[in-house]
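Below are the chains, spelled out letter by letter.
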Amino acid sequence: MIKLLHAADLHLDSPFSGLAPEQARQRRREQRQLPMQLAELARVHGCDALLLAGDVFDSDNAAPDTIEALQAAFAACPCPVFIAPGNHDCLTPGSAYLTARWPENVHIFTSPAASFVELPDVRCRVFGAGFPAAHASGLLSSVSAPQDGWTNVMVLHGDAVNAGSPYNAVTKEQIAASGLRYLALGHIHQASGLLCAGGTAYAWPGCAMGRGFDELGLKGAYLVTLTESDCKLDFLPLGGRSYEILRVPAGDDAAAALDAALPQDTSRDIYRVILTGEAARPDLNALYAQFAPRFFSLTLRDETTPRRDL
């Protein structure tokens, strides 16, 4: 049995431009805690490797504090760490992947040509390839894993949803022809669940932390358990704040309707509340003053329509 922890799209140092400046700084500090959370999950679950499928950084201008946090987390990780750079953290000159000193258990795939590292203790090969620039293609097409009794897995940033994607479009035919047992993908920010093409299982866990209202709900990583005959995925939440959209019929009393519709505890989260239905125009400023203290961040939108007297 082989256990892998599969995470992707941490996007460290994201701008969080939709938040107030101090809130954005706080969110970036919280982001820096993600790598240590992953290291702890790898320890708790006895993982044989941590696979990071690209966009670990949001750009090629990683802050020194972020690099130090990542180095400390990797040093604390009890298993090898494999990174396949993506389109946001591609291998341009000056990339932290090329200039920073990383612990000995870290392997970064620094070429678009696929290569592998062997883990003899569990008879596993970890393949990988990295984006040389913001756009890439064909990083999986040349992979043909040997069928010799070893378990072959790969970590790769790539778009398995959009065939015309400039971000290393990956097809089901390429996946099926790869000879891999498991393909750990990144790039799509909503978790996929377990998918199969031919004899290859593949998945992407989504982003590790929501950064906007297009990245709603709970975020996390996959615990991948490979046996001789099976591949099992368990979603491991990383906690933290989530982005949520709540639609509330305003009715005759928008404040009462909103109060009744809210979950019990919203203090950690970022909400967009949309008032709907036929109603008198709500006073958004008054509603914000009343409810904003119950959230980390609150945005109100009025999509009500005037009442009609037929």
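Because the structure is a prediction, the values reported are computed rather than measured.

**Q** Before we move on, can you summarise the sheet that holds strand β9 (residues 195-197) with the specific residues and values?
**A** Strand order across the open sheet formed by 6 strands is β5-β6-β7-β8-β10-β9, with mixed pairing between neighbours. Each having just a single partner strand, β5 (115-119) and β9 make up the two edges of the open sheet. In this sheet, neighbouring strand axes are inclined to one another by 25° on average, regardless of whether the strands run parallel or antiparallel. For strand β8 (residues 182-186) and strand β10 (residues 200-203), the ladder comprises 3 bridges, and the chain directions are parallel. Counted as the bridge partner of A184 is A203 from β10.

**Q** Help me get a handle on the pairing of strand β1 (residues 2-7), residues and values and all.
**A** For a regular strand, the rule is simple: side chains alternate between the two faces of the sheet. The buried fraction of β1 is high, at 5 of 6 residues. By the bridge criterion, 5 bridges tie β1 to strand β11 (residues 220-226) in an arrangement that is antiparallel. Residue pairing for β11: H6 is matched across the bridge by Y222. As paired elements, β1 and strand β2 (residues 49-52) share 4 bridges and run parallel to each other. Note that in β2 the partner of L4 across the bridge is A49.

**Q** Pulling in residues and values, what's your account of the nonpolar core?
**A** The nonpolar side chains of a soluble globular protein tend to be buried with one another. Core analysis: the biggest nonpolar cluster contains 40 residues, and L5, L38, L52, I83 and W102 have the highest contact counts within it. Only β1, α2 (34-44), β2, α3 (64-76), β3 (81-83), α4 (96-99), β4 (106-108) and β11 provide two or more residues apiece to this core. Ranked by residues supplied to this core, first place goes to α2 with 5 residues. For W102, the contacting residues outside a window of four places in its chain are F57, I67, L70, Q71, F74, A96, Y97 and I108. Residues A49, C124, A184 and C231 belong to the second largest nonpolar core, which totals 23 residues.

**Q** Mind laying out the sheet that holds β1, listing which residues take part and the relevant values?
**A** Spatially, β4-β3-β2-β1-β11-β12 is the arrangement adopted by the 6 strands of the open sheet, whose pairing is mixed. Here the strands that pair on one side only, and so sit at the sheet edges, are β4 and β12 (231-237). Averaged over neighbouring strand pairs, the angle between their axes works out to 20° when direction is ignored. Where α2 meets the sheet, it contacts β1, β2, β11 and β12, and its direction lies at approximately 165° from that of β1.

**Q** If you had to explain the environment of F57 to someone new, which residues and values would you point to?
**A** With respect to the helices, strands and loops of the structure, F57 is situated in the loop between β2 and α3. For the pair F57 and H189, spaced 132 residues apart in the sequence, the C-alpha separation amounts to 14 Å. Ignoring any residue separated from it by four or fewer positions in sequence, one finds F57 in contact with H11, L12, A62, T66, L70, H88, D89, A96, Y97 and W102.

Cut-offs used in this document
Residues numbered from 1 in each chain as written. Predicted model: local features only at pLDDT ≥ 70, side-chain atom pairs only at ≥ 80, totals over all residues. Heavy atoms only, no water. Pairing = 2+ DSSP bridges. Helix = DSSP H or I, 4+ residues; strand = E, 2+ residues; numbered from the N terminus. Axes fitted to C-alpha atoms, helices over the stretch in contact; angles between N-to-C directions. Buried < 20%, exposed > 50% of the residue type's maximum accessible area, 1.4 Å probe, protein only. Core = buried A, V, L, I, M, F, W, Y, C linked by side-chain atoms within 4.5 Å. Contact = heavy atoms within 4.5 Å.

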